[in-house]
Amino acid sequence: MSLNTRRKLLPWLFIGPGLLWLLLFFLYPLLNQASVSLMTGNPEQGYDLTWAFHNYWDAISEYKEQFGRSILYAGVSTLLCLIIGFPLAYFTAFHAGRWKSFILLLIILPFFMSYVLRTVAWQLILSDDGTVVSFFRTIGLLGDDGRLLASRTAVIAGITYNFLPFMALPLYVALEKIDPRLLEAATDLYASRTTAFRKVTVPLALPGIFAGSLLTFIPACGDFINAALLGTPQQYMIGNVIQSKFLNILDYPQAAALSFTLMLFILVGIFLYARLLGTRNLTEAAI
Amino acid sequence: MAATEAEADIHLDGVSKRFGDMTAVDDLTMSIPRGSFYAMLGPSGCGKTTTLRMIGGFEDPTAGKVYLGGSDVTQHPPYRRDVNTVFQSYALFPHLSVEKNVAFGLERKKVGKAEALKRAGEALELVQLSHVGKRKPAQLSGGQQQRVALARALVNRPRALLLDEPLGALDLRLRKQLQIELKRIQQDVGITFVHVTHDQEEAMSMADTIAVMNKGQIEQAGSATDLYERPRTAFVANFLGISNLIEAKVTGDQRVTTHDGAQLHAPECAGLTGDVRIGVRPEKITLLPDGEPVPDGYNALRGKVVVAAFLGVSIQYVIQAAGGEELNVFAQNTDGSEPEGLAVGREVQLVWRPEHTFVVERG
């Protein structure tokens, strides 16, 4: 084999395994589910491809409430993650000194435990005879028979808790990269600390805000664990519907149609978000 | 002294800065006159950058006061001080265009967007970068970034410009070119420049006044000629150029005797007594072959040639003096050959005019 041919083959050797993986475990299931989403039939006799595009319309019109709820809960949680995560990441990046690694460890520590178990722990924390509820009752934030569990608040709190590291870590990376001399330069050029924060820190943290929001919002949209464990059917999100269609009712076409609809929503959302923040931030976030 | 303080743009009064156990700046008092090009020169760790950062407001002095134009600004944050800094790393905002970088200070001062952009354009013109206003800093070369940093500071017309090793990251050719440009700009705008550098040639070619710093204190401040011809400490004598230092004792009016017994005339020693160290620059010394008569009134020492290096424009000799010191001598290459009488191993005489003898304190 000539050197030239080998040179041409080398890149394929590198991307080959990844490409094969994506073809087998991403593209094939995706196309497979796309065809399933256009099938009709029933669990007993099986499903046939009939190009039933009405599956999509049926799915959206029947579950628009859960769709709306998913986007609302995921959106509110993403916002809360940003509000909690930004000061956390800011402090860690600029003021933590020798505690930096320790704080970063604390941020990822919850991942050492299973997702479901962490959420079950929140069930206990928010339970009716738990300390949080009795404290809220004492200070009057909750009525005497008020509860936290099985409410919208509980589901959003759970999602916020579970996805906080996905927000905090990209924010930390973006803030950490900011040269402190830039902030000195801003104050040297008559910017107060607040103005320097607004005009220099936040714009330079945008790639992190962008990446963190996507990493939080996308999985939160499809989440079903939090609503299942901390909510009631009144708080069910689209993930709960898809999960029960696939695993309990075995209505595969509708489950697939719902999945693709969710994917479309998210893609359109990302596109609008990228337009809002500028595409440069998208590419920078990827680096 | 009161009069100079009033004229001073920048005045430090007994300023110290300690970081933990380390004293970076030690009880420093200095005045920088309005409109001057003032260089702070010293090796790394001498406290020059810390001093500059205290003037800019980025470090709080542990003790002492900082005055700008006569008023005490020790407690003022950087954004309330009428000085601007050109940072060593330039610290240009990567997310803003060159033009927006330059207009940043003006916009904070509520100049108005249109006016700010107009003045930013003028400042870019001053540094000959009008054509790159719309680009991002990352698209510029190091030299261009340096000039943008300069324009960004100058556009605010500050009382003084603080330059922290502004040419340190550039290659030699660009550095030389920008030295001249900086000097020209300073003369054009007429504001005080405080320039921190470890490069003696840079300081000497640009500054009106050079303060040589060592261990958190100013060893000596003065014009380049002052410092070079009449260094008052061994540190200054060795940091600026090459010096030949010899131990001696004052034995009469303007007379010293070196430790090996040679009698020298040193006008600078008038009024001094006891042990001193005298010095003479290598290019002030003329070498004479042994036995040739010493011109009237010249100082003379005896020695032996150890090294004779032919450098083209000059010949550099190292002479072992009778007292044991190794002395440097630069002889201009006027003959087009290495003189036979001054070859390695020959006994020679080193002669120089008494007024070229300087005195650094003992030790």
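None of the values given here were measured: they were computed from a predicted structure.

Colleague: Kindly report on the overall build of chain A, identifying the contributing residues and their values.
Modeller: From N to C terminus, chain A includes twelve helices and two strands. Going from the N terminus to the C terminus, chain A shows its helices and strands as α-β-β-α-α-α-α-α-α-α-α-α-α-α. The dimensions of chain A, computed from C-alpha atoms along their principal axes, are 80 × 75 × 35 Å. The burial tally for chain A puts 38% of its 287 residues in the buried class.

Colleague: I'd love a proper account of the UniProt feature "transmembrane region" (unreviewed entry) in chain A, names of residues and values included.
Modeller: All names here are of chain A. The positions UniProt marks with the feature "transmembrane region" (unreviewed entry) are residues 12–31, 71–91, 103–125, 154–175, 196–218 and 255–274. Span residues 103–125 is 74% helix and 0% strand, its end C-alpha atoms 23 Å apart. End C-alpha atoms of residues 154–175 are separated by 30 Å, and the span's content is 100% helix alongside 0% strand.

Colleague: Residues and numbers for the UniProt feature "domain: ABC transmembrane type-1" (unreviewed entry) in chain A, please.
Modeller: With numbering aligned to this structure, UniProt lists the feature "domain: ABC transmembrane type-1" (unreviewed entry) at residues 67–273 of chain A. Structurally, residues 67–273 of chain A is divided into 77% helix and 0% strand, and its ends, taken at the C-alpha atoms, are 19 Å apart.

Colleague: I'd like a description of helix H4 (residues 115–125) of chain A, backed by residues and values.
Modeller: All names here are of chain A. Turning to H4, its buried residues number three or more, namely Arg118, Thr119 and Trp122. All buried residues of H4 fall inside an arc of 95 degrees around its axis, so they share one side. Set apart from the buried face of H4 by more than 90 degrees, the exposed residues are Leu117 and Leu124. Buried residues in H4 make contact with helix H6 (152–176) and helix H9 (225–230).

Colleague: Requested: an account of the environment of Ala93(A), with residues and values cited.
Modeller: Residue and element names in this part refer to chain A. Counting through the fold element by element, Ala93 comes out in helix H2 (residues 54–94). Residue Ala93 is classed as buried on the basis of its relative accessible area, which comes to 8%. In this structure the C-alpha to C-alpha distance between Ala93 and Gly75, which are 18 residues apart in sequence, comes to 26 Å. Once residues lying within four places of it in the same chain are set aside, the contact partners of Ala93 are Lys100, Tyr172, Leu175 and Glu176.

Colleague: Outline the pattern of salt bridges, listing residues and values.
Modeller: Following the criterion strictly, the structure yields 26 salt bridges over all chains and no others. Note that Glu176(A) is salt-bridged to Lys100(A), the shortest N-O span being 3.1 Å. With Glu176(A) in helix H6 and Lys100(A) in helix H3 (residues 100–108), this residue pair connects regions lying 76 residues apart in the sequence. We classify Lys100(A) as partly exposed; its relative accessible area is 22%. Look at the salt bridges and you will find they share partners, linking Arg181(A), Glu184(A), Arg53(B) and Glu59(B) into a network.

Colleague: Got a sec to walk through the packing of H4(A) against H6(A)? Specific residues and values, please.
Modeller: All names here are of chain A. Interaxial distance between H4 and H6 falls to 11 Å at its minimum, and their mutual angle equals 135 degrees. By the angle between their directions, the pair H4 and H6 is classed as oblique. Crossing hand, H4 versus H6: right-handed. Facing H4, whose interface residues are Tyr115, Arg118, Thr119 and Trp122, H6 presents Ala157, Tyr161, Asn162 and Phe163.

Colleague: Go over the side chain of Ser70(A), please, and point to the residues and values.
Modeller: Mapped onto the elements, Ser70(A) comes out in helix H2. Not counting residues up to four positions away in its chain, the partners in contact with Ser70(A) are Cys221(A), Met237(A), Ile238(A) and Gly239(A).

Colleague: Any details on the packing of aromatic side chains? Residues and values, ideally.
Modeller: Here the structure, examined in full by the defined rule, presents 19 aromatic pairs over all chains. A ring pair is formed by Tyr115(A) and Phe163(A), whose centres lie 6.3 Å apart and whose planes are at 75 degrees; its orientation type is edge-to-face. Of the two residues, Tyr115(A) sits in helix H4 while Phe163(A) sits in helix H6, which places them 48 residues apart along the sequence. Here Phe163(A) falls in the buried class, since its relative accessible area comes to 6%. Aromatic pair Phe163(A) and Phe166(A): ring centres 5.7 Å apart, planes at 40 degrees, arrangement tilted. Of this pair, Phe163(A) and Phe166(A) both sit in helix H6, three residues apart, which is roughly one turn of that helix. Three or more aromatic residues joined by ring pairs form one cluster here, namely Phe86(A), Tyr90(A), Phe94(A) and Phe197(A). Residue placement shows Arg108(B) over the ring face of Phe104(B); its charged tip is 4.6 Å from the ring centre. Sitting over the ring of Phe93(B), Arg152(B) keeps its end group 4.8 Å from the ring centre.

Each value, and the rule that gives it
Residues numbered from 1 in each chain as written. Chains lettered and ligands numbered in written order. Predicted model: local features only at pLDDT ≥ 70, side-chain atom pairs only at ≥ 80, totals over all residues. Heavy atoms only, no water. Helix = DSSP H or I, 4+ residues; strand = E, 2+ residues; numbered from the N terminus. Buried < 20%, exposed > 50% of the residue type's maximum accessible area, 1.4 Å probe, protein only. UniProt positions renumbered as here; feature names shortened; annotations may be inferred. Arc of directions from axis to C-beta. Contact = heavy atoms within 4.5 Å. Salt bridge = Lys/Arg side-chain N within 4 Å of Asp/Glu carboxyl O. Axes fitted to C-alpha atoms, helices over the stretch in contact; angles between N-to-C directions. Parallel < 35°, antiparallel > 145°, perpendicular 65-115°, else oblique. Left-handed = near helix turned anticlockwise from the far one by under 90°. Phe/Tyr/Trp six-rings, centres within 6.5 Å; stacked < 30°, edge-to-face > 60°. Lys NZ or Arg CZ within 6 Å of the ring centre and 35° of its normal.

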